[in-house]
Amino acid sequence: MTGAFLLFRLSLKRARLLLCATGFVLAAVQALRVLLAASLHKAGQFDEISALLPPFVRDLVGPSLTSIMTFNGIVCGVYFDTGFVIALLAVAIAVATLPASEIETGFADLILARPMPRHWLITRTIALVLFSILFMLLAIMMGTWAGLAIFAPPDVPWPSARQTATLALSLGMLVASWSGVALAFGAAYRRGVASAVTSLLAFAALLMDWAHRLWPPLEWIAWLSPFSYFQPYELVAGDPLHPENLLVLWAIATTGYILAYLILSQRDISR
Amino acid sequence: MPYDSGQNPPVSADRASPPAISMRGLTKRYGPLTALNELNLDVQRGETLGFLGLNGAGKTTAIRLLLDLLRPTRGQAFIFGYNCWTEGLDARARIGYLPGELGLYLDLTGLETLDFLTGLNGQPPDKRRRQELCDRLELSRHDLRRRLREYSTGMKRKLGIIQAFQANPPLLILDEPTEGLDPLMQESFYALLADVKRGGTTVFMSSHVLSEVERVCDRIALLRKGEMVLLSSVQEIRRLAPRRVRVVFSKDVSAHPELPPGYELTEKTPRLWRLTVAGPLGFLPGLLEGLPVEDMEVEEARLEDVVLKYYREEAS
């Protein structure tokens, strides 16, 4: 157990710069996002901006558009903003492919030549991925809170804690599901291959989800995309959270983690 | 003596003190390629065994199988009686391992690396032992506080040696230990090895440097294309290896000697003969009787002569 803790501590120490820098940037951008929302609110320009949106964006967002084009919607939009989602996915993939990197560099040889079970490499990585996701979501929340405290107009209500929590939970589960995919690939292949394949799959799945939102007949294949179980627009519009969506995302993550355990336990550790 | 891969070394009957390393029919295949074939080998406690072979002979594969980094296609391996796969944690708790290529995190300092690796053994660092090792290998406190990206190849090798030795394990598995060390550091390393050997530590080391193996090892095992072709004590090899004899004459000699079996004249000039002699030198005085011998030199048999013969056979 001590060895596992040391391994986690070392990995966290090495990842701290990546996590802190990403967390800081996400928090700062979110604070600016709140400033933008406050400016639009003061100028009463939400309707004008809605009118300027091209039809395909309206189709993409659906009836939730009116809820999104509000102060609350812009502030909460951080939890489904493509840039933020990509940033979180990138960090999760980088962390989840840590075992592949350790095998490639030969550091895993030094670890596993000691009385350390192989599975600790995976358990440590899962713990680190979940910690990283939580850390970045907390950074976004801190940015939101700071932005609201500084820039929010006095006449608008802040997003409710419940709404923020459900959005954060949904995004966290989505990122965790992709971390499971990355970890499974990272247990079998080199880090570059695992990262590239997971990123391409995520991009394809995101496009598939968008295509489905624009053209519903794609339902027959869209269900394969983890993004179709991530429904932030509906949450911003006030719809309740569907626990089954979270379960599906968690099942994807768990399947990836279990596959990673199995693959690493069977494979040869060689560069 | 040549090793017959079909022969099975006797399994130690004494379960209380099994060999430090025991390999039984150890085989590793990668598809059609056989990296290691039916390796049977015991390394006794306190012994230093040199594991020799050309690149790709299977030395590192065998080492990685012992450490459970690779899974065998067939066969079993034991460390102090513990099965390397089913009781891998017990087995590896008794090993200090120096890889051929050290994979280190260059953003860590030497001290952080040593602390981390010691901690994985579940023991607090023995700072006195570490300091002693650092002193012997001339790695200063200042060096240990530097990041590894600032380390030279030799310094990284020293750090590798320290991490393998610092927990005083009963078994050291060293893959090309002196690769990258300068001659002075090699001497320090040999002295260190001699010390741990005196303390009863078993050493299993692979090496390309035959003079090193001859100097520090009790026995050698020679691998060729994944198979063990030679297993013998260094003394025995020296005994069986042909010796070189150089005879200098004071006057020109034109005689053509009749050589007994095991004797070979490799160079013949009027004033100089060079011979190789496999076996006793008893015939030599008779051979030179009546000739104007001015000087004679008998070179000690060298491990190199035997091992290189196997290497050349493989290369051809």
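Residues numbered from 1 in each chain as written. Chains lettered and ligands numbered in written order. Predicted model: local features only at pLDDT ≥ 70, side-chain atom pairs only at ≥ 80, totals over all residues. Heavy atoms only, no water.

Student: Could you give me a rundown of the overall build of chain A, with the residues and numbers involved?
Tutor: When you go through chain A residue by residue, the secondary structure sums to 14 helices and zero strands. Its helices and strands taken in sequence order, chain A reads α-α-α-α-α-α-α-α-α-α-α-α-α-α from the N to the C terminus. For chain A, whose C-alpha radius of gyration is 20 Å, the value lies close to the compact-globule estimate of 18 Å for 271 residues. Expressed along its principal axes, the backbone C-alpha trace of chain A runs to roughly 65 × 45 × 30 Å. When contacts within chain A are restricted to residue pairs at least 6 apart in sequence, those whose partners lie at least 24 apart make up 78%. Averaging the locations of the 16 positively and 14 negatively charged side chains of chain A gives two centres separated by 18 Å. (Helix = DSSP H or I, 4+ residues; strand = E, 2+ residues; numbered from the N terminus. Rg over C-alpha atoms; globule rule 2.2 N^0.38 Å. Contact = heavy atoms within 4.5 Å. Lys, Arg positive; Asp, Glu negative; His and termini not counted. Charge placed at Lys NZ, Arg CZ, Asp CG, Glu CD.)

Student: I'd like a description of the nonpolar core, backed by residues and values.
Tutor: Core analysis: the biggest nonpolar cluster contains 165 residues, and Phe71 of chain A together with Leu41, Phe165 and Phe204 of chain B have the highest contact counts within it. Here the element with the most residues in this core is helix H10 (residues 161-188) of chain A; it accounts for 12 residues. Membership of the second largest hydrophobic core comes to 11 residues, among which are Phe249, Val253, Leu287 and Leu288 of chain B. (Core = buried A, V, L, I, M, F, W, Y, C linked by side-chain atoms within 4.5 Å. Buried < 20%, exposed > 50% of the residue type's maximum accessible area, 1.4 Å probe, protein only.)

Student: Now, about the sheet that holds strand E14 (residues 293-298) of chain B: what can you tell me, with residues and values included?
Tutor: Residues and elements named next belong to chain B. A sheet is described by the order of its strands in space; here four strands give the open sequence E12-E13-E11-E14, paired in antiparallel fashion. The sheet terminates laterally at strand E12 (263-269) and E14, the two strands that pair on one side only. Between one strand and the next, the sheet's axes are offset by a mean angle of 15°, whatever the strand orientation. (Pairing = 2+ DSSP bridges. Axes fitted to C-alpha atoms, helices over the stretch in contact; angles between N-to-C directions.)

Student: So what about the side chain of Arg124 of chain A? Which residues, and what values?
Tutor: All names here are of chain A. Along the polypeptide, Arg124 turns up in helix H9 (residues 119-151). Taking relative accessible area as the criterion, Arg124 reaches 3% and is therefore assigned buried. Polar side-chain contacts of Arg124 include one of 2.7 Å to the side chain of Glu102. Side chain to side chain, Arg124 and Thr125 meet in a polar contact 3.2 Å long. (Polar contact = N/O pair within 3.5 Å; in protein donor to acceptor, adjacent residues only side chain to side chain.)

Student: Which residues make up the pattern of salt bridges, and what values go with them?
Tutor: Evaluation of the coordinates by the stated rule reveals 26 salt bridges over all chains. As a salt-bridge pair, Glu102 of chain A and Arg124 of chain A come within 2.7 Å of each other at their nearest N and O atoms. One end of the pair, Glu102 of chain A, is in helix H7 (residues 98-105); the other, Arg124 of chain A, is in helix H9, and 22 residues separate them in sequence. Arg124 of chain A shares its class with Glu102 of chain A; the two are buried. One salt bridge connects Asp68 of chain B with Arg71 of chain B, and the closest N-O pair in it is separated by 2.7 Å. Residue Arg71 of chain B is classed as partly exposed on the basis of its relative accessible area of 24%. Shared partners join several salt bridges into a network, and the residues in it are Arg129, Glu132, Arg136, Asp195 and Arg198 of chain B. (Salt bridge = Lys/Arg side-chain N within 4 Å of Asp/Glu carboxyl O.)

Student: Describe in detail the domain arrangement of chain B, supporting the description with residues and values.
Tutor: Taken domain by domain, chain B holds domain 1 (3-238) and domain 2 (242-300). Summarising the inter-unit geometry, the C-alpha centres of domain 1 of chain B and domain 2 of chain B are found 43 Å apart. (Domains from an automatic or database assignment.)

Student: Could you give me a rundown of the pairing of strand E13 (residues 272-277) of chain B, with the residues and numbers involved?
Tutor: Residue and element names in this part refer to chain B. Extensive coverage of E13 is indicated by the burial of five of its six residues. Inspection of the sheet shows strand E11 (residues 243-249) paired to E13 by six bridges, in the antiparallel sense. Across the sheet, Arg243 pairs through a bridge with Val277, a residue of E13. For E12 and E13, the ladder comprises six bridges, and the chain directions are antiparallel. Directly across from Glu264, in E13, lies its bridge partner Thr276. Linkage of E12 to E13, two consecutive antiparallel strands, is achieved through a turn of two residues.

Student: Account for the packing of aromatic side chains, naming residues and giving values.
Tutor: Following the criterion strictly, the structure yields 12 aromatic pairs over all chains and no others. Seen in terms of ring centroids, Phe249 of chain B and Trp273 of chain B are 5.0 Å apart; in terms of plane orientation they differ by 80°. Their pairing is edge-to-face. Of the two residues, Phe249 of chain B is situated in strand E11 and Trp273 of chain B in strand E13; the sequence distance between them amounts to 24 residues. Aromatic pair Tyr263 of chain B and Phe283 of chain B: ring centres 6.2 Å apart, planes at 85°, arrangement edge-to-face. Here Tyr263 of chain B, found in strand E12, pairs with Phe283 of chain B, found in the loop between E13 and helix H10 (284-288); they are 20 residues apart in sequence, far enough to count as distant. The lysine or arginine in question, Arg14 of chain A, covers the ring of Tyr105 of chain B, its NZ or CZ lying 3.4 Å from the ring centre. (Phe/Tyr/Trp six-rings, centres within 6.5 Å; stacked < 30°, edge-to-face > 60°. Lys NZ or Arg CZ within 6 Å of the ring centre and 35° of its normal.)

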